[in-house]
Amino acid sequence: MDRVSAEELPEYAERVLEVAELIPAGRVMTYGDVAEWLAQEEEREALSGKGGGGRRVGGPRQVGRVMALYGGAVPWWRVVRADGQLLPGHELRALDHYREEGTPLRAATRHAEGHLPRLDMRRARWDGGDGSGGGGGSGGGASVMAHR
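Here's a quick rundown of the structure.

What counts, and where the lines are drawn
Residues numbered from 1 in each chain as written. Predicted model: local features only at pLDDT ≥ 70, side-chain atom pairs only at ≥ 80, totals over all residues. Heavy atoms only, no water. Buried < 20%, exposed > 50% of the residue type's maximum accessible area, 1.4 Å probe, protein only. Helix = DSSP H or I, 4+ residues; strand = E, 2+ residues; numbered from the N terminus. Arc of directions from axis to C-beta. Contact = heavy atoms within 4.5 Å. Axes fitted to C-alpha atoms, helices over the stretch in contact; angles between N-to-C directions. Parallel < 35°, antiparallel > 145°, perpendicular 65-115°, else oblique. Nonpolar A, V, L, I, M, F, W, Y, C, P; charged D, E, K, R; others polar. Core = buried A, V, L, I, M, F, W, Y, C linked by side-chain atoms within 4.5 Å. Phe/Tyr/Trp six-rings, centres within 6.5 Å; stacked < 30°, edge-to-face > 60°.

Here the focus is helix 3 (residues 60-70). For an α-helix, 3.6 residues make a turn, and residues three or four places apart therefore share a direction. Those residues of helix 3 not exposed but buried are Val-63, Val-66, Met-67 and Tyr-70. Viewed along the axis of helix 3, the buried residues span an arc of 100°, placing them on a single side of the element. Looking at helix 3, the residues exposed on the side facing more than 90 degrees away from the buried face are Arg-61, Arg-65 and Ala-68.

Take a look at the structure:
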């Protein structure tokens, strides 16, 4: 994927990629976690008077779209589906990264497509904190994060 200069990158996309770069090695955030992080950041900025009020905020689908278009410049394998399934079409590349970083995985069941493991979301999910401690949340929308 070609790198896109900051001038060409939409503001929302730039913000999504900045969050992806914050995720520590061996940890992941879901598309929804990233969207929630950005919404909370927007809210904090609006309350503090630092602006923010007019910025575009998106949901998990918008985060996924940004990652599909621009994610090659950041650790894309750390922004994942809430069910822990590896990114279709990129499973083996992602798996290499997960193993290299020590990201917690669940063994594949015999019924799993391609017999590939899934991410152990309970242990791998990052809540935006200092990087210590596991499991940032529940099911599909973690309580994300007191950050900054």
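In this section: the side chain of Arg-78. Its place among the elements puts Arg-78 in the loop between helix 3 and strand 2 (79-80). Accessibility expressed as a relative area gives 11% for Arg-78, which makes it buried. Not counting residues within four places of it along the chain, the set of residues in contact with Arg-78 comprises Ile-23, Pro-24, Ala-25, Arg-27, Val-28, Met-29 and Glu-101.

Where helix 2 (residues 31-48) meets helix 3, the axes come as close as 8 Å, and the angle between the chain directions of the two elements is 105°. Of the possible angle classes, the one that applies to helix 2 and helix 3 is roughly perpendicular. Contacts between helix 2 and helix 3 pair Tyr-31, Gly-32, Val-34 and Ala-35 from the former with Pro-60, Val-63, Gly-64 and Met-67 from the latter. Residues belonging to the contact of helix 2 with helix 3 are distributed by class as follows: six nonpolar, two polar and no charged.

In this section: helix 4 (residues 91-101). The complete set of buried residues in helix 4 reads Ala-94, Leu-95 and Tyr-98. Relative to the axis of helix 4, the buried residues are bounded by an arc of 100° and lie together on one face. Those residues of helix 4 that are exposed and aimed more than 90 degrees away from the buried face are Leu-92, Asp-96 and Glu-100. Taken together, the buried residues of helix 4 touch strand 2, strand 3 (105-106) and strand 4 (118-119).

To continue, consider the nonpolar core. Among the nonpolar cores identified, the biggest contains 32 residues, and Val-16, Val-34, Val-63, Met-67, Val-79 and Tyr-98 are the most heavily contacted of them. At the level of elements, helix 1 (11-22), helix 2, helix 3, strand 2, helix 4 and helix 5 (121-124) are the ones that each hand at least two residues to this core. Broken down by element, this core gets its largest block of residues, six residues, from helix 1. Contact partners of Tyr-98, with chain neighbours within four places excluded, come to Val-28, Trp-77, Val-80, Leu-86, Thr-103, Leu-105 and Leu-119.

Looking now at the packing of aromatic side chains. Under the definition given, this model contains two aromatic pairs. For the ring pair Trp-76 and Trp-77, a centre distance of 5.6 Å and an interplane angle of 85° mean the geometry is edge-to-face. With respect to class, Trp-76 is no different from Trp-77; both count as buried.

Before going further, it helps to spend a moment on the environment of Pro-104. Note on placement: Pro-104 falls in the loop between helix 4 and strand 3. The buried category is assigned to Pro-104, whose relative accessible area is 12%. Note: C-alpha distance between Pro-104 and Leu-119 (15 residues apart in sequence) is 6.2 Å.

Read these as layout, nothing more, since geometry by itself doesn't imply function.
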